[in-house]
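Commentary on secondary and tertiary structure
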Amino acid sequence: MSRMFITHHKRASQSLDGAWRFSTDPSRVGERDGWQKSLPVFESTVVPSVWNTKLGLLDYEGAAWYQREFYTEGGTLRFCFDAVMTQADVWLDGEKIASHYGGFLEFYAIVRDVCPGMHTLTVRADNS
């Protein structure tokens, strides 16, 4: 169960569920080609979800990228992931902030001194 208290006098919370940019990476060239900064080709998908439910991806195993922009007032940010199957790498504005292995486990990434404004969160999942 995921509980978020959106209104809090000390800590603001924001869900990043919803529409994300999505792209598979069967050749595993994404990190080399800078996809952590901007996905060159993508479609829209909803998070949370399972990519194997998308047309043509029933049997896909490998790497896929998710990306979305969000606004923050800045400061220390804590990103909470309920689960990513199986290997996850996470970037904020193109800088790697976390890696995690374990498909059914939640994990967190904490980033300090984030400036106010729009930012890009990118996640590469690999279920190989």
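What you see is a predicted model; the values in this text were computed from it and never measured.

1. Re the pattern of salt bridges
Once their charged atoms are close, side chains differing in charge can pair, the charge on each being opposite to the other. Inspection of the entire model under this criterion finds six salt bridges. Here aspartate 33 makes a salt bridge to arginine 32, at a shortest N to O gap of 2.9 Å. For arginine 124, the salt bridge is made with aspartate 89, and the minimal N-O distance between the two is 2.5 Å. Here the residue arginine 124 occupies a position in strand β8 (residues 117-126), and aspartate 89 occupies one in strand β5 (residues 87-92), the gap between them amounting to 35 residues.

2. Looking at the environment of methionine 118
One can find methionine 118 in strand β8. Taking the C-alpha atoms as reference, methionine 118 lies 6.6 Å from threonine 72; in sequence the two are 46 residues apart. In contact with methionine 118, not counting residues within four places along its chain, are Glu69, Phe70 and Tyr71.

3. Considering the side chain of aspartate 126
Along the chain, aspartate 126 falls in strand β8. Taking relative accessible area as the criterion, aspartate 126 reaches 16% and is therefore assigned buried. Not counting residues up to four positions away in its chain, the partners in contact with aspartate 126 are Arg28, Gly62, Ala63, Met85, Thr86 and Gln87.

4. Focus: unusual backbone geometry
Following valine 47, the chain continues to proline 48 via a peptide bond in cis, the omega torsion being 5 degrees. The residue proline 48 is located in the loop between β2 (43-47) and β3 (63-72) in this model. Omega for the peptide link from methionine 85 to threonine 86 comes to -10 degrees, which places this bond in the cis form. Tracing the backbone through its elements, the reader meets threonine 86 in the loop between β4 (75-81) and β5. Residue aspartate 93 is not a glycine yet carries a positive backbone phi of 55 degrees.

Thresholds, definitions, all that
- Residues numbered from 1 in each chain as written.
- Predicted model: local features only at pLDDT ≥ 70, side-chain atom pairs only at ≥ 80, totals over all residues.
- Heavy atoms only, no water.
- Salt bridge = Lys/Arg side-chain N within 4 Å of Asp/Glu carboxyl O.
- Helix = DSSP H or I, 4+ residues; strand = E, 2+ residues; numbered from the N terminus.
- Contact = heavy atoms within 4.5 Å.
- Buried < 20%, exposed > 50% of the residue type's maximum accessible area, 1.4 Å probe, protein only.

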